[in-house]
Amino acid sequence: MKARRVLQLLTAAATVLTVWCHVNNTKRHTFGYDGEMGPSHWADEYQQCAGKFQSPIDIEEHRVTHVRLPPLRFTGFDADPATSTLSNNGHTVMLRLNMSKMASVTGGPLRGDYSFSQLHFHWGNNDSMGSEDTINNHTFPLELHIVMYKAAYGSFDGATAHKDGLAVLAVFYEIIETENHVYKEIVEQLPSVTQPDTQALLQRPIKLASLLPETKHLYFTYNGSLTTPPCLEVVTWLEFKQPILLSHQQVDAFRSLKSAEGPMTHNFRPVQPLSGRPVWFNVADDYTAEPRQRESSAEAPSMNYILASVLVLLITAFQW
């Protein structure tokens, strides 16, 4: 009797565990990039995906405002992480770093320090598409997002409750014939994370600085959202203008990954309406400003935002 009772309890526990795993698996894969799970349906479950200030956007260079912002200051980007873990979360391939002191960035349009959380990639079916943001309607085959959260808010989750909670450093890629050896380790480990919910340690940890373009003072910046559900509008975007060069074979390796729905040949969200938002382009760092002046300079985008918004309202009113 006791053995039968134990067996019944074990069977019941196994059933509960199976249901729990199914629910969790379903919950983790409630969006995709095709069909009924694609971007046009995200707002059915995640209302903010239908928000007014969404990302990505198309950046029209003739419409941006040129500014001189304080220099971006990168801390810990040159440090070797103890470990670098590559993972396939079913929507992208992600890299997390184990560092004694997490890398951070400040300056530019950012008020305060932003700590590194993770980085991930977006790509397309072929080399003619893949980036999420576009420039003058030009798409790139691959885009990197380095996700940072405002340190003052304590954690990534805590930061998502604030309008200035997150910053994303975005890097575009173009195709050349030769391989980029900086990305060799990442590309070689992609077969180890082909299936969703798999991960692998990189044999040679990667420095964040090596993933950034050489020219870091030329970038576009605007206020937007996460490009995946829940699409929270809490992101300051910094899009570096200089692309990094990879070979076709290196970019094509990303297309071999799989999601729960099948091959992950593409994972980019279409561009969203600008809705009157200003986009700034940092033409040169303001090295001459004193600390107090730099603080005022960092506030300039907020004033520009107000002026641009008023101008848009006036133009709209006259059009009516």
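Residues numbered from 1 in each chain as written. Predicted model: local features only at pLDDT ≥ 70, side-chain atom pairs only at ≥ 80, totals over all residues. Heavy atoms only, no water.

Notes on the side chain of asparagine 282
Here is step 1 of the chain: Within the secondary structure, asparagine 282 is located in strand β17 (residues 280-282).
Here is step 2 of the chain: Among the polar contacts listed, one links the side chain of asparagine 282 to the backbone oxygen of histidine 217, at a separation of 2.8 Å.
Here is step 3 of the chain: Setting aside its immediate chain neighbours within four residues, asparagine 282 contacts Val67, Arg68, Leu69, His217, Leu218 and Tyr219. (Helix = DSSP H or I, 4+ residues; strand = E, 2+ residues; numbered from the N terminus. Polar contact = N/O pair within 3.5 Å; in protein donor to acceptor, adjacent residues only side chain to side chain. Contact = heavy atoms within 4.5 Å.)

Section: the packing of aromatic side chains
Here is step 1 of the chain: According to the stated counting rule, one finds 12 aromatic pairs in the structure shown.
Here is step 2 of the chain: Seen in terms of ring centroids, tyrosine 33 and tryptophan 42 are 5.7 Å apart; in terms of plane orientation they differ by 80°. Their pairing is edge-to-face. (Phe/Tyr/Trp six-rings, centres within 6.5 Å; stacked < 30°, edge-to-face > 60°.)

Some points on the nonpolar core
Here is step 1 of the chain: Ranked by internal contacts, the top residues of the largest apolar core, which has 47 residues, are Val93, Leu119, Phe121, Leu144, Tyr173 and Tyr183.
Here is step 2 of the chain: Setting aside anything within four residues of it in sequence, one finds tyrosine 173 in contact with Phe121, Phe140, Pro141, Leu142, Glu143, Leu144, Tyr183, Pro243, Ile244 and Leu246.
Here is step 3 of the chain: Judged by nonpolar contacts, the second largest core, of 21 residues, contains Ile57, Tyr149, Phe172 and Val279. (Core = buried A, V, L, I, M, F, W, Y, C linked by side-chain atoms within 4.5 Å. Buried < 20%, exposed > 50% of the residue type's maximum accessible area, 1.4 Å probe, protein only.)

Things to note about the pattern of salt bridges
Think of it this way: side chains of opposite charge can pair up when their charged atoms draw near.
Here is step 1 of the chain: A full pass over the atoms with the stated rule returns seven salt bridges.
Here is step 2 of the chain: When the shortest N-O distance is used, the salt bridge between glutamate 61 and lysine 241 registers 3.0 Å. Taken together, the residues span a long stretch of sequence, with glutamate 61 in the loop between β1 (58-59) and β2 (65-67) and lysine 241 in the loop between β13 (235-240) and β14 (244-247) at a distance of 180 residues.
Here is step 3 of the chain: We classify lysine 241 as partly exposed; its relative accessible area is 35%.
Here is step 4 of the chain: For the salt bridge of lysine 184 with glutamate 188, the shortest nitrogen-to-oxygen distance reads 2.9 Å. (Salt bridge = Lys/Arg side-chain N within 4 Å of Asp/Glu carboxyl O.)

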